[in-house]
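Results of the structural survey
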Amino acid sequence: MADQGVTTLARRDLIAMLSTNDPAELDVMRRRAEAVLLARCGDTVHLRGLIEFSNICDNDCYYCGIRKGNRTCDRYSLAGEAVIKTAVLGGTMRYGSIVLQSGERTDERFVSFVEDTVKRIKDATRSEELPCGVGVTLCVGEQSEETYRRFFAAGAHRYLLRIETTNRTLFERMHPPEQKFERRVEALRTLKRIGFQVGTGVMIGLPGQTIEDCADDLLFFQSLDIDMIGMGPYIVHGGTPMAAWPDVNERSPRERFELSLRMIAAARLLLKNVNIASTTALQAIDPAGREEGLRWGANVIMPQLTPRDVRAAYLLYDGKPCLEESSQECQKCLEARIKSVGRKIGYDQWGDSRRFTERKRGCS
Ligand code: 5AD
């Protein structure tokens, strides 16, 4: 393996890292990733309180439990007041940033709801520690440039839009024809141009996805100079078309989990100062999945803030954890998990991506 501390990793290095099963090599890789994280981003784990405010979706992605075509999904949309109240609760729980996530809609009613809710959250969460209110990340899918601009002007400063996979053939197999790979790449570019901190990511262990594809995913993040990464294992949702693909179980959940950890470490070694989330999907496979994500180079955790009565309806995949805990219990549990791996918790701060701030200062 190349010395990842100083050199840029080549595709073959990434492939070697993602495919090794040698325990000693894996240990070296994990330690190097952790060392790069500590040197470039510090030992603070940043928190983003997650508010899944609606599961109504106009898209029909073949893997996703809240796809339009899933008739068995109980649809909900929280009222503006409820979203704001939840964000304020997050602020009082000292989460410096929140993520507003939902199914994808582009109608004006939805767009103005998001715009207005962001403005009101920013106003309602001002405090001595956070004079501009909590940091707001949006994860509401592909929108028009004008809509992104409205969201940015409203005060959202980060945007997450996963590319899902950079293998175009697989992308097309996973999505109905209306969804275009190129349009999504263009959306990521547009978001950056507007000034958002931009996050993307992929699902790992998809049927038909190769190790080479995974290496290309990482190189894609690099080529777009992405600020944040959110990626995790693909997990089957029984009520989706992908569940019936003959190759859906080509990899076991354990294999997808292990590949996800390698992807986190490789992303850290390649991209160094980005924020990387240790996603909930990791914990759906392994009870200590999110701690493992942190140990392999992640530095962001998204504690659940979604009101409990709707949480189970936001089921992207089977076996989603943390459905019953109160938001306070989630906080306690994550605190313990973060401490167990020797990291600090970033309360009352936005926790921006260093890559973004360093690029702005011209030193990245
Ligand atoms: N398994 C894992 N992740 C999923 N997502 C959607 N469906 C699944 C699934 N079955 C992820 C997608 C999406 C994010 C919000 O959730 O990557 O971008």
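This text follows the structure it describes.
Attention here is on the structure that accompanies the text. (Residues numbered from 1 in each chain as written. Predicted model: local features only at pLDDT ≥ 70, side-chain atom pairs only at ≥ 80, totals over all residues. Heavy atoms only, no water.)

**Describing the layout of surface pockets**
- Size it by volume and the largest pocket reaches roughly 240 Å³.
- Around the largest pocket sit 16 residues that line it, and Glu104, Thr106, Glu142, Gln143 and Arg183 are the ones nearest its centre.
- Breaking the lining of the largest pocket down by element, the ones donating at least two residues are helix H5 (145-154) and helix H7 (181-194).
- Considering every element that reaches the lining of the largest pocket, the biggest residue donor is H7, with four residues.
- The residue inventory of the lining of the largest pocket, partitioned by class, reads two nonpolar, six polar and eight charged. (1 Å grid on protein atoms, 1.4 Å probe; cavity = no way out; pocket = protein on both sides within 12 Å on 5 of 7 lines; lining within 4 Å. Points joined across faces, edges and corners; volume = space filled by probe spheres on them. Helix = DSSP H or I, 4+ residues; strand = E, 2+ residues; numbered from the N terminus. Nonpolar A, V, L, I, M, F, W, Y, C, P; charged D, E, K, R; others polar.)

**Observations regarding the packing of helix H8 (residues 211-223) against helix H9 (residues 253-271)**
- The contact between H8 and H9 brings their axes to 10 Å, and the two run at 35°. Pair H8 / H9 crosses with right-handed handedness. On the side of H8, the interface is formed by Ile211, Cys214, Asp217, Leu218, Leu219, Phe221 and Gln222, while H9 contributes Leu259, Met263, Ala266, Ala267, Leu270 and Leu271. (Axes fitted to C-alpha atoms, helices over the stretch in contact; angles between N-to-C directions. Left-handed = near helix turned anticlockwise from the far one by under 90°. Contact = heavy atoms within 4.5 Å.)

**Remarks on the environment of glutamate 324**
- Along the chain, glutamate 324 falls in the loop between helix H12 (308-311) and helix H13 (327-340).
- Placed 77 residues apart in sequence, glutamate 324 and aspartate 247 show a C-alpha to C-alpha distance of 32 Å.
- Setting aside residues no more than four positions away along its own chain, glutamate 324 makes contact with Arg308, Arg311 and Glu329.

**Describing the environment of aspartate 27**
- Among the secondary structure elements, aspartate 27 is positioned in helix H2 (residues 23-41).
- Since its relative accessible area comes to 32%, aspartate 27 is described here as partly exposed.
- Sequence separation between aspartate 27 and arginine 48 is 21 residues, and the spatial gap between their C-alpha atoms is 29 Å. (Buried < 20%, exposed > 50% of the residue type's maximum accessible area, 1.4 Å probe, protein only.)

**As for the side chain of threonine 200**
- Mapping threonine 200 onto the fold places it in strand E5 (residues 197-200).
- Among the residues examined, threonine 200 registers a relative accessible area of 1% and is labelled buried.
- Excluding anything up to four places from it in sequence, threonine 200 contacts Leu161, Arg162, Ile163, Leu188, Phe220, Phe221, Ile226, Met228, Ile229 and Gly230.

**Topic: the packing of aromatic side chains**
- Per the stated rule, a full pass over the model turns up seven aromatic pairs.
- For the pair phenylalanine 171 and phenylalanine 181, a centre-to-centre distance of 5.4 Å together with 80° between the ring planes defines the contact as edge-to-face. Of the two residues, phenylalanine 171 sits in helix H6 (residues 168-174) while phenylalanine 181 sits in helix H7, which places them 10 residues apart along the sequence. As far as burial versus exposure is concerned, phenylalanine 171 and phenylalanine 181 are alike and both buried.
- Ring centres of phenylalanine 220 and phenylalanine 221 lie 6.4 Å apart, and the angle between their planes is 70°; on these two criteria the pair is classed as edge-to-face. The residues phenylalanine 220 and phenylalanine 221 share a single accessibility class, namely buried.
- Among the aromatic residues, those joined into a cluster by ring pairs are Tyr148, Phe152, Tyr159 and Phe196. (Phe/Tyr/Trp six-rings, centres within 6.5 Å; stacked < 30°, edge-to-face > 60°.)

**Things to note about the pattern of salt bridges**
- Summed over all chains, the structure comprises 30 salt bridges.
- Here glutamate 81 and arginine 120 are joined by a salt bridge, their closest N and O atoms 2.4 Å apart. Residue glutamate 81 is located in helix H3 (residues 80-92), and its partner arginine 120 is located in helix H4 (residues 108-124); the two are separated by 39 residues in the primary sequence.
- A salt bridge links arginine 193 to glutamate 145; the nearest nitrogen and oxygen atoms lie 3.3 Å apart. Of this pair, arginine 193 sits in helix H7 while glutamate 145 sits in helix H5, placing them 48 residues apart in sequence.
- Here arginine 193 falls in the exposed class, since its relative accessible area comes to 52%.
- What you see here is one network of salt bridges that share partners, running through Glu142, Glu164, Arg183 and Arg184. (Salt bridge = Lys/Arg side-chain N within 4 Å of Asp/Glu carboxyl O.)

**Quick notes on the site of the ligand**
- Looking at the ligand, the residues that line it are Tyr63, Cys64, Arg162, Glu164, Met203, Pro233, Tyr234, Ile235, Leu316 and Tyr317.
- Interatomic distance of 2.5 Å between a side-chain N/O atom of glutamate 164 and an oxygen atom of the ligand.
- Starting from 410 Å² of accessible surface for the ligand in isolation, the protein chains cover 88%.
- Within the shell around the ligand, the residues separate by chemical class into eight nonpolar, no polar and two charged. (Near = heavy atom within 4 Å. Polar contact = N/O pair within 3.5 Å; in protein donor to acceptor, adjacent residues only side chain to side chain. Areas by Shrake-Rupley, 256 points an atom, 1.4 Å probe, with all protein chains shown as cover.)

**A look at unusual backbone geometry**
- Within the chain, glutamate 164 stands out as a residue other than glycine whose phi angle is a positive 75°.
- In this fold, glutamate 164 is placed in the loop between strand E4 (158-160) and H6.
- Given the relative accessible area of 11%, glutamate 164 is considered buried.
- Positive phi is not limited to glycine here, since lysine 272 has a value of about 60°.
- The residue lysine 272 is located in the loop between H9 and strand E8 (275-278) in this model.

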